[in-house]
Amino acid sequence: MSFEPIYVNCVLFTEDFENIVFLHKTSGPKFLLNKYNYVGGKQEPGEKTIESIQREIKEEAGIDIDSSLLFSVAYKEFEKDGKQYKLENFGAVVPSSILSQAYTAEKEEVFFRNTKDVLMDFFTNPNDFNNDFKDIFKNALEKVPDEQRNKNYSTLSFFLIEIIFHCLEKFNFKLRD
């Protein structure tokens, strides 16, 4: 039986949901090149997906994330450019003191930025982002564990973000050609 790697990525939120970590892809699958995406990569033989995302976060952003902070967001299989892919998305709500230490540990530039600014950039220049950027973000918000949501989730900024996504879906606003 051959090993079929699963690609993993993670939406990394600060505990106040004011900032996220993401990167600019310069390697990996062709359809992700030169796009903004979440930290992630490919599972290695013998790894569980949770171990893969922890390793990728360390390799790409230089920070250690405890597995207890990670939560599963979605899993999907898809075909792109004639190749089959498996992808598991994770989320994590991480103390600002840890997440703000993210840096470019490999060749792909890592960003620690204000969440609202990132979303405004997405709405202004959607072709600069991975096609699934918005959906992964929205799914991660929905999957934030209740104990973290109760303390921090109900900030005004996230209420507004959810309203924006709702309106976009309601009016079938098309961000791409």
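Check the entry above for the structure.
In what follows, the accompanying structure is described. (Residues numbered from 1 in each chain as written. Predicted model: local features only at pLDDT ≥ 70, side-chain atom pairs only at ≥ 80, totals over all residues. Heavy atoms only, no water.)

### Focus on the packing of aromatic side chains
- A complete count under the given rule lists 13 aromatic pairs for this structure.
- The interplanar angle of 75° and the centroid separation of 5.7 Å between the aromatic rings of phenylalanine 22 and tyrosine 36 together place this pair among those described as edge-to-face. In this pair, phenylalanine 22 is assigned in strand E2 (residues 19–24) and tyrosine 36 in strand E3 (residues 36–37), connecting sequence segments 14 residues apart.
- Since its relative accessible area comes to 1%, phenylalanine 22 is described here as buried.
- Under the relative-accessibility criterion, tyrosine 36 is labelled partly exposed at 24%.
- Taken together, the ring pairs in this structure connect Phe22, Tyr36, Tyr38, Phe111, Phe122, Phe129 and Phe133 into an aromatic cluster.
- Across from the ring centre of phenylalanine 78, 4.9 Å away, lies the NZ or CZ of lysine 76, which sits over that ring. (Phe/Tyr/Trp six-rings, centres within 6.5 Å; stacked < 30°, edge-to-face > 60°. Helix = DSSP H or I, 4+ residues; strand = E, 2+ residues; numbered from the N terminus. Buried < 20%, exposed > 50% of the residue type's maximum accessible area, 1.4 Å probe, protein only. Lys NZ or Arg CZ within 6 Å of the ring centre and 35° of its normal.)

### Topic: the pattern of salt bridges
- One pass over the full model with this rule turns up 10 salt bridges.
- Aspartate 121 is paired through a salt bridge with arginine 113; the nearest N and O atoms lie 2.8 Å apart.
- Since its relative accessible area comes to 29%, aspartate 121 is described here as partly exposed.
- Between glutamate 142 and lysine 138 there is a salt bridge, with its nearest N and O atoms 3.2 Å apart. Taken as a pair, glutamate 142 and lysine 138 lie in helix H4 (residues 133–143) at a separation of 4 residues, close to a single helical turn.
- Because the salt bridges share partners, they merge into one network encompassing Glu44, Glu47, Arg55, Glu56 and Glu59. (Salt bridge = Lys/Arg side-chain N within 4 Å of Asp/Glu carboxyl O.)

### Re helix H1 (residues 49–61)
- Look at H1: 18 Å from first C-alpha to last across 13 residues, which is about the 18 Å you get at 1.5 Å a residue.
- Three or more residues of H1 are buried, namely Thr49, Ser52, Ile53, Arg55, Glu56, Ile57, Glu60 and Ala61.
- Its buried side turned inward, H1 meets strand E1 (7–14), E2, strand E4 (39–42), strand E5 (70–80), strand E6 (83–94) and strand E7 (110–114).
- Residue glycine 62 follows H1 closely and has a positive phi angle near 70°. (Expected span 1.5 Å × (residues − 1). Contact = heavy atoms within 4.5 Å.)

### Re the nonpolar core
- Ranked by size, the top nonpolar core spans 21 residues in total, and within it Val11, Phe13 and Phe137 carry the most contacts.
- Taken together, the elements giving at least two residues each to this core come down to E1, E2, E5, helix H3 (115–124) and H4.
- Broken down by element, this core gets its largest block of residues, 5 residues, from H4.
- When residues no more than four places from it in sequence are discounted, the contact partners of valine 11 are Tyr38, Phe90, Gly91, Ala92, Ile136, Phe137 and Ala140.
- One finds Ile6, Ile53, Leu70 and Val110 within the second-largest nonpolar core, a separate group that totals 19 residues. (Core = buried A, V, L, I, M, F, W, Y, C linked by side-chain atoms within 4.5 Å.)

Coordinates in, geometry out; function isn't part of it.
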